[in-house]
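# Notes for the structure review
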Amino acid sequence: MKTFELKPLTLAMAMIAVPAFAQESTSNDPSLEEITVTGSYAGSLAKALDTKRDSAGMVDSILAEDIADFPDQNLAESLQRIPGVTIDRDGGQGREITVRGLNSTFTRVQINGMQAQSLSAGSNGVQTSRGFDFNVFASELFNRLDVYKSTSAELEEGSLGATVALRTARPFDYDPVTVVANVQGSYNDGSEEFTPRTSALVSLTNEEQTLGALFSVAFSERNVFGYGADTGRWANDDFASCTACDSEAEFDQVKSAQHPRIPRYMNRNYTEDRLGITSSLQWQIADSTLLSFDGLYSNLDSERTEPNINPISLARTGDTGNAETDIAAYTIDGNNNLITATMDGVDTRAENFLADWTSEFAQYSLSLEHDFSDDFRMTILAGGSNSQLDNRESTLVLEHFSEDDPRRMIDYAESNDTVTYDYSNMTSPEIMFGFDTTDPANWELSEIRDRLYDAESSASTFRIDLDYMLNDAVTLRGGVTQKSYGYDITGLRADTSLSGADERDGVADGEACGIGSTITSDMGNVASPTGVPYFKGDLALVDQALASGCWPHSVRPGDTREVEEDSLGVYAQLDFDTDLAGRRLHGNVGVRSVETELTSTGVTVYDDANGVEQTENVTVENDYRDTLPSLNVAYELLDDVVIRGSAAKVMSRPNLGTLSPGGSVGIFGQPKVSYGNPFIEPFRAKAYDLGAEWYFAENAVVSVAYFVKDIDSLPIGQTDYGVSWAEIGLPDSLLGAEYENLHNSNDFEVSRTVNGKEGGDLDGWELQYQQPLTFLPGPDWVRNFGIIANLTKVSSEVTYNAGEDDEFKGPLSGQSDDSSNFTLYWEDDAFSARISMANRGEYSTRPQEFNQEDRRYVDATTFVDFSASYRVTDNLKVNFEAINLTDEPIFAYMDPNAKRIINEISTGSQYFVGAQYKF
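Bear in mind that the values here come from a model prediction, so they are computed numbers and not experimental data.

## Here's the deal with the packing of aromatic side chains
- Summed over all chains, the structure comprises 25 aromatic pairs.
- A centroid spacing of 4.8 Å and a plane angle of 80 degrees characterise the contact between Phe106 and Phe683, whose relative ring orientation is edge-to-face. Here Phe106 is found in the loop between strand S3 (93-99) and strand S4 (107-111), whereas its partner Phe683 is found in strand S36 (residues 683-694), with 577 residues between them in sequence. In terms of burial, Phe106 and Phe683 fall into one category: buried.
- The interplanar angle of 40 degrees and the centroid separation of 4.7 Å between the aromatic rings of Tyr187 and Phe194 together place this pair among those described as tilted.
- Residue class for Phe194 comes out exposed when judged on its relative accessible area of 66%.
- By way of ring pairs, the aromatic residues Phe132, Phe134, Phe137, Phe142 and Phe361 are connected into one cluster.
- Against the face of Tyr41 rests Arg834, its NZ or CZ located 4.2 Å from the ring centre.
- Lying across the ring of Tyr843, Arg840 places its NZ or CZ 3.7 Å from the centre.

Following this line, the structure appears as structure tokens:
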């Protein structure tokens, strides 16, 4: 479906040198040992490799190669360099991660040792999961990133996939006086606009190195133009007639063929302003006591415009839409696609859409490290974080209704209602309309939409850890962690058609509070964002409608809920470091016990005694306990060979949407209840890892790792019959006037999420190679090359429910069967360059669909990035970076055989040029 094509600029840069990444590392200590990196890319790789070799579990790290100089523009894009990590992209940049086939739902993120969540919105709407959006933060704010793929008792619970630990800079990491400034200009070849990116860091410590203060700030702007094609999805429908058909059998074939529901061109323009600030204070109170304060603030303002024109009839299956459409000409291909069609009696829609959202994150933490003696140590960590998201999505809808559509309110300059589409080339369709789409007299105001979302996530942590060294070979560790987590979201909507708002002013006259259907030239402008010129309505009409009073906002129950979790965890762990048969054997064994108390609130819709729809907030409490043993062992089989093994029980808390008790209760006729399930169990699994690493040369490794996840159960949708009201667990007030008849009834039909009878299995392996090519023959400069490469294979099979005891097996959502990375770099004392490739295989976003043709996929991608820098003086370094050199598109489709396009979008290549100066 796609071609892999390098641009001329890419070829020119590839002749200079090649890519980027810093990977591998660290001990299983969640407190994150301090490592100072002195400005060399190869040096950061070497330090990461040393800590990887010394770790007990499966851990990989990325270290900043220089002060305020992370090796990628985006934290998620750095993470994708690590074996087993793939990223989800939106708007041309990495947002969330999948680790070893387990998506962001199963990944836990810490910032400076504390649980954190950054809320955001994107092309798929508002984030409503536990996922972490890495794009909220500027990469310059961090100097270390660790990915724990195996767990130990000291690591906090909450992950089936991995724990990602981010660490911001501290003053004792640097020289007594350190001042760094970075300035870059960025250019996107899609939007053809330049935007700034700047950062600065100031770190000061006194002569005695007992007091230190650090402050850093990063600011960037971004403007990206996304273009492509879209269908929403494909479906088969009953059309009104088929004048192109010679028989009823032929018409049946047309109706059974799959057609695009919303044929349209894709246009998305993304703009972002991002500000990040960190601060850190450290006080070495005594040789044995260190007090550290860390603060982090981030603000991301983002807008996405998405104007489009489309034949909306194909998405309408009621009395209008398809029921009024005639097929005048068509082609059905070998995959049963109605691949081309000319249709009469079609409604055409012109939309102007704006999503405007702000994400604000703040975190503070205070840590105290105290050595009571050489053998006994204590660490205390306390702090909290808060993330707030304000999102507004506004849409102005103009329509050109078909001639016989009863919703049509005015006469158009042209009444032609013919539309032709051709999806012979899925990613470059042709769509033509039978009337002048640029004439405002051919449109009428049809609908106003305004959707508001207010979401907040908060977390607090208090943790105390004690380490006691029993002897040179054994250390006993233990601790207590108390955490609180909260998430709440309120969704409001003012989505109403003009006809639906008509009588809200008390008069049925085709107007609503003075707003009528007629469109004039001063109500918008002619635009051609996708190559098809049309009259685009001004979004100011949305604000005018809202102010009129005929489009009031109301709470949308399905978008409104709240979850509060309190957990108390305790752990005991024994670390050992000894010899076995003359070789080093080290690792840890321990157990973590955690109790979780949950309070969940949702909005339930029900009918009162008079049959009038009402809403009520429903709150349900639940609790559960987990005991999580773990073992990590590393053995130096030879001087340069390390073998590792890990085994553990792990858990990940349920999806936030699943926990809501909100839904609907029907008490008249057959009693029915549909709701989430606050009593759903966490995701639980047994995890096993086995690996071998051969450090065959200095700063070089070849490693292989095999991993298994035995997942106990996955939540599935299920409908049960003959359920009692008491078993459902909702309050009696929802039964209204039917309380006496139903509160003891066993006749309820209940649709809800339940714990599946079966879980599933996931397994895979990772292969990794890293080496400076110092052995190459020829001139000295040839030996400045180095290679980093990895390959991951994953396979999973879990049980899904398709309704009424109908189960089938499939892969996990978001799991790519294969992924790989390759980096070639060249570096000397002054010049450094690298080119990187990240490949991700196709994956399914809806593997739970029972019918194969309804399953959704994202096609395989290969992204190529380039980076180069030149140190002009000891203080000044100039740099150049390029992201997505091949302008790789993201292609989503249905049915793995037919590959029916959902959408394809390209966002262009991004180029950065700038300088760094150290004072």
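The discussion continues.
## Here we look at the state of the cysteines
- Applying the stated criterion across every chain, the model contains two disulfides.
- Here Cys242 engages in a disulfide with Cys245; their sulfurs sit 2.0 Å apart. An S-S torsion of about 75 degrees defines the bridge between Cys242 and Cys245 as right-handed. The pair formed by Cys242 and Cys245 is uniform in burial state, with each residue classed as buried.
- Disulfide partner of Cys513: Cys550, at an S-S distance of 1.9 Å.

## Focus: the pairing of strand S33 (residues 641-652)
- Sheet analysis places strand S32 (residues 613-638) next to S33, joined by eight bridges and oriented antiparallel. Across the sheet, the residue bridging to Asn632 is Ser646, located in S33.
- The antiparallel hairpin formed by S32 and S33 contains two residues in its connecting segment.
- Relative to S36, S33 runs antiparallel, the two sharing twelve bridges. Paired with Arg644 across the bridge in S36 is Gly691.

Conventions adopted
- Residues numbered from 1 in each chain as written.
- Predicted model: local features only at pLDDT ≥ 70, side-chain atom pairs only at ≥ 80, totals over all residues.
- Heavy atoms only, no water.
- Phe/Tyr/Trp six-rings, centres within 6.5 Å; stacked < 30°, edge-to-face > 60°.
- Helix = DSSP H or I, 4+ residues; strand = E, 2+ residues; numbered from the N terminus.
- Buried < 20%, exposed > 50% of the residue type's maximum accessible area, 1.4 Å probe, protein only.
- Lys NZ or Arg CZ within 6 Å of the ring centre and 35° of its normal.
- Disulfide = S-S within 2.5 Å.
- Pairing = 2+ DSSP bridges.

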